[in-house]
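One letter stands for each residue in the lines below.
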Amino acid sequence: MNKKITIIILVILLTVFAGAYLIKQEDPRIPITIYKTQSCGCCEGFISELSKAGFDVKLEIKESVLDTKEKFNIPEEMESCHTAFINGYFIEGHVPLEAINKLLEEAPEIDGIALPGMPSGSLGMPGIKEEKFKIYSITDGKASIFMEI
């Protein structure tokens, strides 16, 4: 009887440790918070695409997002309909996943990235991409090219 109990205990312990090991091996979803107004409909496509890509999307509805843009010194010519925050960076507008992934992988010393306006075919926007997207990096309110897609 002692052997049976010992074997049962060992099986239980192995199962618990194996489960804990597998849980730690899962790639956790990266949290991203998006600030938008209630009336903005195009943001829903952006949010949906980020969720499909594996991000843990948190949505914050505001009366206006202008104070957020001012607080983080996003130049007016770089502004779009929503602002997102991920790993200490802001993401302004419908920035493609390739640029977001590059930002996360390289972790440059910048404040954030932006795709001005709401170009057709950008992440979550309907329509066909008509030209290369110019994604800008922004540091202290100054913009420079981050990448073109």
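Above this text sits the structure in question.
The structure contained in this document is the topic of the report that follows. Because the structure is a prediction, the values reported are computed rather than measured.

What the rule picks out here adds up to 5 salt bridges. The salt bridge partner of Lys36 is Glu44, with a shortest N-O separation of 3.5 Å. For Glu44, a relative accessible area of 41% translates into the label partly exposed. Of the charged contacts, one joins Lys69 and Glu92 as a salt bridge, the two residues approaching to 2.5 Å between their closest N and O atoms. One end of the pair, Lys69, is in helix α3 (residues 66-71); the other, Glu92, is in strand β4 (residues 89-92), and 23 residues separate them in sequence. In terms of burial, Lys69 and Glu92 fall into one category: buried.

Scanning all chains against the criterion turns up 2 aromatic pairs. Pairing Phe72 with Phe85 gives two aromatic rings, centres 4.6 Å apart and planes at 50°, and the pair type is tilted. Remark: Phe85 occurs in strand β3 (residues 83-86) and Phe72 occurs in the loop between α3 and β3; sequence separation between them is 13 residues. Note on Phe72: relative accessible area 33%, which makes it partly exposed. An aromatic cluster is defined as three or more aromatic residues linked by ring pairs; in this entry it consists of Tyr35, Phe72 and Phe85. Sitting above the plane of the Phe146 ring, Lys102 keeps its charged end 4.7 Å from the centroid.

The next point concerns the sheet that holds β4. Spatial ordering of the open sheet is given by β2-β1-β3-β4-β5-β6-β7, a layout of 7 strands whose pairing is mixed. Here the strands that pair on one side only, and so sit at the sheet edges, are β2 (56-62) and β7 (142-148). Going across the sheet, the axis of each strand differs from the next one's by a mean of 25°, ignoring polarity. Two strands pair when backbone bridges link them, and strand β5 (residues 112-114) and strand β6 (residues 134-139) are joined in this way by 3 bridges, in the antiparallel orientation.

Among all positions in helix α2 (residues 43-52), only Cys43, Phe46, Ile47 and Leu50 are buried. Burial along α2 is one-sided: seen end-on, the buried residues are contained in an arc of 95°. Residues of α2 that are buried make contact with β1 (31-37), β2 and α4 (97-106). Phi turns positive one or two residues past the end of α2, at Gly54, with a value near 100°.

Attention now moves to the side chain of Lys36. Its location among the elements puts Lys36 in strand β1. Once residues lying within four places of it in the same chain are set aside, the contact partners of Lys36 are Cys43, Glu44, Ile47, Leu59, Glu60, Ile61, Lys62, Val65 and His82.

Moving on: the nonpolar core. The biggest cluster of nonpolar side chains holds 23 residues, and the ones touching the most others in it are Leu50, Ile91, Val95, Ile113, Ile135 and Phe146. Those elements giving two or more residues to this core turn out to be β1, α2, β3, β4, α4 and β7. With 4 residues, the single largest contributor to this core is α4. For Phe146, the residues in contact, after removing those within four places along its chain, are Ala99, Lys102, Leu103, Pro108, Ile110, Ile113, Ile135, Tyr136 and Ser137. Core analysis: the second largest hydrophobic core is formed by 6 residues, Phe85, Phe90, Ala114 and Ile138 among them.

Conventions used here
Residues numbered from 1 in each chain as written. Predicted model: local features only at pLDDT ≥ 70, side-chain atom pairs only at ≥ 80, totals over all residues. Heavy atoms only, no water. Salt bridge = Lys/Arg side-chain N within 4 Å of Asp/Glu carboxyl O. Buried < 20%, exposed > 50% of the residue type's maximum accessible area, 1.4 Å probe, protein only. Helix = DSSP H or I, 4+ residues; strand = E, 2+ residues; numbered from the N terminus. Phe/Tyr/Trp six-rings, centres within 6.5 Å; stacked < 30°, edge-to-face > 60°. Lys NZ or Arg CZ within 6 Å of the ring centre and 35° of its normal. Pairing = 2+ DSSP bridges. Axes fitted to C-alpha atoms, helices over the stretch in contact; angles between N-to-C directions. Arc of directions from axis to C-beta. Contact = heavy atoms within 4.5 Å. Core = buried A, V, L, I, M, F, W, Y, C linked by side-chain atoms within 4.5 Å.

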